[in-house]
Amino acid sequence: MSGLKNSPFGKRLRGTDEDSPRKNRGRFTPAFGVAQASTPSLDSRPTTSEGATPESPERGAHRDYGDRFVPTRDAGDMRTAYHLMDGATPSTPKKNRMIPTESDALKEQANAIFNSILHTEVTPSSPQRSGSPVRQPAASTSTLPTTPTRHRLFAFNSPSRSNPATPSRRLDMPTDEAYSMSPVRAESRHLLESPRRQLRSVCKTPYRVLDAPELADDFYLNLVDWSSTNVLGVGLGACVYLWTAHTAQVSKLCDLNSVHDTISSVSWVQKGTSLAVGTLSGRLHIYDASTLQLTRTYERAHTQRIGALSWNSHILSSGSRDRMVHHRDVREPGTRPFKKCQGHKQEVCGLRWSGDGGPQAATLASGGNDNKVCIWDLRGSKRPGGLGTPARTGNVPGSSSTGANADDGDTPLWKFHEHTAAVKALAWDPHVSGILATGGGTADKHIRFWNVQNGTMLNELDTGSQVCNLTWSLTSHEIVSTHGFSSTTAQNQICIWKYPSLDMVASLTGHTHRVLYLAMSPDGETIVTGAGDETLRFWNAFPKKENHEAQRESKLDYAKLIR
């Protein structure tokens, strides 16, 4: 037995017995620095003070922590903390913003309601009631508040009009907050019970998908356009095909394999009777869509490929890789352009005439691979300024100044330098005259909105992805953007944005390559997108246009008055 006591096991056993009283000490909570009180006993006999007991914790002694911790709640100002929380959010947008894969309109509406209710509950307003307590003057003989001596929990009495410190007739109102069973305030209940705006639902799947073999995956080309007669023109390789939407009939317009040329751009005239076709070799052809016959050919329209075309009635403008913009009147028998414009230092990849029919109908926007946007006015208009003096630079940083000799239209009216990548996407607002939307490439990812009447940038939107095309809705004040390369996981999307709030209405996915081509049907309800995956997808993106004239009853309809 003595050998067991002197063995290591025996020594360890004796050490455990000696330390056993220490384990019976009270647990110590480091958050408060005092010993945690034990469970109160039902015995009402007085106990000895903790300082006199030998089991009180000593400084430097071993602390045995338990599994219960009391959080520290500092007595802070709730309103101040709430406003500090709002101010901590960064005001500048992220450079790599992820485009949502689904429409977040419902989430944004729910988040807005939640933030409003949170603000109402945390920082309630101070309504001025007629019966609110009134501060007494210094000479008042009203009694000062004292510590109540009654031990009753509830006291019931009617408010007195004689006592100004008591709200007059406040508790007589059945809608008073004192009688409310709701956990939130009346303002929050009113916000929750108010009718919400019905959000427009957009179908997320295309209703038709067409194969488009040899559809080029080139950012600088424009190979899809939809005419006002509801005919879709598509350039596939060396051929141009026409697809009639009413009958789904496909016709081959031309084939340039015999001359070893390739289609680089197509554009319909506003009437929908003629289609302009640009090629990689710099040729420009005009075809009659009804007879499928070639009517005009400009053999040396440009020295390099023609990537952008745009019509303004009988004026056909073409932008090329040779950095030039040529304007031709198709009614003239000659082949030379009546005006040439050079405002870009690299390829012109976007052209768009303003078609609003107003004062800005003669305004042309061009985008180039030099990251610049030029605004042209062939009427010879100058910037706002004095006659015979150089026009002012405008409010846009980096805008180039134009002298008084700019009345021939060879110098851009405005030149915007804010984009940091190639600008192909151009779209004029059909609802507001003089508003232009432009989209930048992979290094830019921004959609910017300009007022070309005074040369100012109205707004900008970081989409987080390469902007390939833009078009405005004809039935609602919304804009569609197609995207390509992205620094995030979301790419190759078609996004619908509300203007001017720039809130996303819907995000459509389906293409596996960059959505480089975009066109809209003449009724403004359907958009078609083309991508490098050699498919054309048709989407029901916008609602039908409301026809108020058809709903209006005529006072001259006497048939309804006949009995």
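This is a predicted model, so every value here is computed, not measured. The numbering scheme is per chain: residues are counted from 1 as the chain's sequence reads. It should be noted that, the model being predicted, local features are given only for residues of pLDDT at least 70 and side-chain atom pairs only at 80 or more, the latter also being counted only at that level, while totals for whole chains, interfaces and linings use all residues. Excluded from the side-chain calculations are hydrogens and water; all other atoms, namely the structure's heavy atoms, are used.

Participant: Would you mind going over the confidence of the model for the protein chain in detail, with residue names and values included?
Facilitator: Per-residue pLDDT for the protein chain has a mean of 77; in total, 63% of the residues score no lower than 70. Taken as a whole, residues 386–408 scores under 50 in pLDDT and shows 45 contacts with residues more than four places along the chain or in a different chain. What pLDDT expresses is the predictor's confidence in each residue, scored from 0 to 100. Contacts: residue pairs with any heavy atoms within 4.5 Å of one another.

Participant: If you had to explain the side chain of Asp225 to someone new, which residues and values would you point to?
Facilitator: Examined against the element boundaries, Asp225 turns out to sit in strand β2 (residues 224–226). A polar contact of 2.7 Å, which involves the side chain of Asp225, links it to the backbone nitrogen of Trp268. In this structure Asp225 touches Val231, Leu232, Gly233, Val266, Ser267, Trp268 and Ala519, once residues within four positions along its chain are discounted. We count a stretch as a helix when DSSP gives it H or I for four or more residues in a row; a strand needs E for two or more, and each element gets its number in order from the N terminus. Definition of a polar contact: a pair of N or O atoms within 3.5 Å, with one able to donate and the other able to accept a hydrogen when the atoms are protein atoms, and with sequence-neighbouring residues admitted only if both atoms are side-chain atoms.

Participant: Hey, could you go over the nonpolar core for me, with residue numbers and the actual values?
Facilitator: Residues Leu215, Val224, Leu232, Val240, Leu275, Val528 and Leu536 are the most contacted members of the largest nonpolar core, which totals 33 residues. Counting only elements with at least two residues in this core, the list comes to β2, β3 (231–236), β4 (239–244), β5 (249–255), β6 (263–268), β7 (274–279), β26 (515–520) and β28 (535–540). Here this core gets four residues from one element, more than from any other, and that element is β3. Here Leu536 is in contact with Arg208, Val209, Leu210, Ala212, Leu215, Val224, Leu232, Val234, Val528, Thr529 and Gly530, once residues within four sequence places are set aside. If you look at the next biggest cluster of nonpolar residues, it comprises 16 residues, including Ala427, Val467, Trp497 and Met504. Residues belong to one nonpolar core when they are buried, are Ala, Val, Leu, Ile, Met, Phe, Trp, Tyr or Cys, and are joined through side-chain atoms within 4.5 Å. Here's how the labels work: a residue is buried when its accessible area is under 20% of the maximum for its type, exposed when over 50%, partly exposed in between, all with a 1.4 Å probe on protein chains only.

Participant: Please set out the environment of Leu436 residue by residue, giving values where relevant.
Facilitator: For Leu436, the position within the fold is in strand β19 (residues 435–440). Residues Leu436 and Ser354, 82 residues apart in the sequence, show an inter-C-alpha distance of 8.8 Å.

Participant: Report on the pairing of β19, specifying residues and quantitative values.
Facilitator: Burial analysis of β19 places six of its six residues in the buried class, the great majority of the element. Of the two faces of β19, the one holding Ile435, Ala437 and Gly439 and the one holding Leu436, Thr438 and Gly440 are both buried throughout. Where strand β18 (residues 423–428) and β19 come together, five bridges link them in antiparallel fashion. Paired with Val423 across the strands is Gly440, a residue of β19. We call two strands paired when DSSP finds no fewer than two bridges between them. Between β18 and β19, which follow one another and run antiparallel, lie six residues, and Gly434 among them has a positive phi close to 85°. Bridge count for β19 against strand β20 (residues 446–451) is five bridges, and the pairing is antiparallel. Within β20, the position partnered with Leu436 by the bridge is Trp450. As consecutive antiparallel partners, β19 and β20 are separated by five residues, and within that stretch Lys445 has a phi angle of approximately 65°, a positive value.

Participant: Pulling in residues and values, what's your account of the sheet that holds β2?
Facilitator: On the basis of which strands lie adjacent, the open sheet formed by four strands has the order β2-β3-β4-β5 and antiparallel pairing. In this open sheet, the two strands that pair with only one neighbour each are β2 and β5. Taking the axes of each pair of neighbouring strands and ignoring which way they run, one obtains an average angle of 20° across the sheet. Bridge count between β2 and β3: three bridges; the pairing is antiparallel. Residue pairing for β3: Trp226 is matched across the bridge by Leu232. Note on method: axes are straight lines fitted to C-alpha atoms, helices fitted across the in-contact stretch only, with angles between N-to-C directions ranging 0 to 180 degrees.

Participant: Report on the sheet that holds β28, specifying residues and quantitative values.
Facilitator: In space, the four strands of this open sheet follow the order β1-β28-β27-β26, with antiparallel pairing throughout. The sheet is open, and its two borders are formed by β1 (208–211) and β26, each paired with just one other strand. Each adjacent strand pair in this sheet contributes to an overall mean axis angle of 20°, direction not counted. Pairing geometry for strand β27 (residues 526–531) and β28, over five bridges, is antiparallel. Paired with Val528 across the strands is Phe538, a residue of β28.

Participant: Outline the packing of aromatic side chains, supporting the account with residue identities and numerical values.
Facilitator: The description of an aromatic ring pair uses the distance of the two centres, along with the angle that the planes make with each other. Pairing of aromatic rings covers Phe, Tyr and Trp, the last counted by its six-membered ring, and requires centre-to-centre distances within 6.5 Å; plane angles under 30 degrees mean stacked, over 60 mean edge-to-face, and any other angle means tilted. Per the stated rule, a full pass over the model turns up eight aromatic pairs. Judged by centre distance (5.9 Å) and plane angle (90°), the ring pair of Trp226 and Phe538 falls under edge-to-face. In this pair, Trp226 is assigned in strand β2 and Phe538 in strand β28, connecting sequence segments 312 residues apart. On the accessibility criterion, Phe538 (0% relative accessible area) is buried. Measuring from centroid to centroid gives 4.8 Å for Phe449 and Tyr499, while their planes differ by 45°, and the two rings are tilted. Of the two residues, Phe449 sits in strand β20 while Tyr499 sits in the loop between β24 (494–498) and β25 (504–508), which places them 50 residues apart along the sequence. According to the relative accessible area criterion, Phe449 is buried, its value standing at 0%. Assessed through its relative accessible area of 11%, Tyr499 is described here as buried. Of the aromatic side chains, those joined through ring pairs into one cluster are Tyr207, Trp226, Trp243 and Phe538. For the cation-ring pair, Arg328 lies above Tyr298, with the distance from its terminal atom to the ring centre recorded as 5.0 Å. Charge over a ring is defined by NZ of Lys or CZ of Arg lying within 6 Å of the ring centre and within 35 degrees of the ring normal.

Participant: So what about the pattern of salt bridges? Which residues, and what values?
Facilitator: A carboxyl oxygen of Asp or Glu within 4 Å of a side-chain nitrogen of Lys or Arg is what we treat as a salt bridge. Scanning the model with the defined rule gives twelve salt bridges in all. Arg448 serves as the salt-bridge partner of Asp444, at 3.2 Å between the closest nitrogen and oxygen. Connected through salt bridges with shared partners, the residues Asp218, Arg305, Arg321 and Glu347 form a single ionic network.

Participant: Kindly report on the environment of Ser310, identifying the contributing residues and their values.
Facilitator: Along the polypeptide, Ser310 turns up in strand β10 (residues 306–312). Ignoring sequence-local partners within four residues, the contact set of Ser310 consists of Ser267, Ile315, Leu316, Ser317, Leu351, Arg352 and Trp353. Looking at Ser310, its side chain comes within polar contact range of the main-chain nitrogen of Trp353, at 3.1 Å.

Participant: For unusual backbone geometry, give the residues involved together with the corresponding values.
Facilitator: For the bond from Tyr499 to Pro500, the omega torsion is 10°, close enough to zero to count as cis. Positionally, Pro500 belongs in the loop between β24 and β25. In this structure, Asn230 takes a positive phi of about 65° despite not being glycine. Relative to the elements of secondary structure, Asn230 occurs in the loop between β2 and β3. Phi angles above zero are rare outside glycine, and Glu534 is one such case at about 60°. Topologically, Glu534 is positioned in the loop between β27 and β28. Judged by its relative accessible area of 35%, Glu534 is partly exposed.

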